[in-house]
Amino acid sequence: MNIQYTKLFESKVNSQKVTYLLTESEIDTGEGVFTRYGAAIEMEDGERAVFLDIYGERSRTEVFIHRLWQGLVTPVTLFDVVSDRLYADEFTEV
């Protein structure tokens, strides 16, 4: 799987640089290949978290990563924050 990373934002959290990245990858579902977008967060000390498949729209994912940056989300909490967002999205689209 080829994954492209695009740096969007940087911040300082507890005196460490934190980088927020957009990921782009192609997912083969067996019924076709689809481009999916996700997020990665990297700390200066090497701690990292990646969630590859959040949305199918780049702009929607960029807005979400902007919120991650504003909230100073770190790798430790990325999975929980993404899970909460996707769960909330599921109920607002009903």
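If you're wondering where the values come from, they're calculated on a predicted model, not measured in any experiment. For every chain, the first residue of the written sequence is number 1, and numbering continues from 1 along that sequence. In view of the model being predicted, local features appear only for residues whose pLDDT reaches at least 70, and side-chain atom pairs are presented and counted only at 80 or more, with totals across whole chains, interfaces and linings using the full set of residues. Values shown for side chains rest on all heavy atoms present in the structure; no hydrogens or waters enter the calculation.

A. Region of interest: the sheet that holds strand E2 (residues 16–28). At least two DSSP bridges between two strands are required for those strands to pair. Per the convention used, a helix needs a DSSP run of H or I reaching at least four residues, while a strand needs a run of E reaching at least two, with both numbered from the N terminus. Here we have four strands laid out as an open sheet, ordered E1-E2-E3-E4, and antiparallel in their pairing. At either margin of the open sheet sits one strand with a lone partner, and together these are strand E1 (3–13) and strand E4 (48–55). Between one strand and the next, the sheet's axes are offset by a mean angle of 20°, whatever the strand orientation. Relative to E2, helix H1 (residues 58–70) is tilted by about 155°, and along the sheet it contacts E1, E2, strand E3 (33–43) and E4. Lines fitted to C-alpha atoms define the axes here, with helix axes fitted over just the stretch in contact, and angles between the N-to-C directions of these axes take values from 0 to 180 degrees. We call two residues contacting when some pair of their heavy atoms lies within 4.5 Å.

B. Just the pattern of salt bridges, in detail. The salt bridge criterion pairs a side-chain nitrogen of Lys or Arg with a carboxyl oxygen of Asp or Glu, the two atoms within 4 Å. Scanning the model with the defined rule gives eight salt bridges in all. With a shortest N-O distance of 3.5 Å, Glu24 and Arg58 are connected by a salt bridge. Residue Glu24 is found in strand E2, and its partner Arg58 is found in helix H1; the two are separated by 34 residues along the sequence. Buried means the residue's accessible area, taken with a 1.4 Å probe over protein chains only, is under 20% of the maximum for its type, while exposed means over 50%, and partly exposed covers the values in between. For Arg58, a relative accessible area of 31% gives the class partly exposed. With a shortest N-O distance of 2.8 Å, Arg48 and Glu42 are connected by a salt bridge. In the salt-bridge network here, residues are joined through shared partners; they are Lys7, Glu10 and Lys17.

C. How the structure looks around the side chain of Thr61. Of note, Thr61 is situated in helix H1. Its relative accessible area of 0% is what places Thr61 among the buried residues. Setting aside its immediate chain neighbours within four residues, Thr61 contacts Leu22, Tyr37, Gly38 and Tyr55.

Limitation: the analysis is restricted to geometry and does not speak to function.
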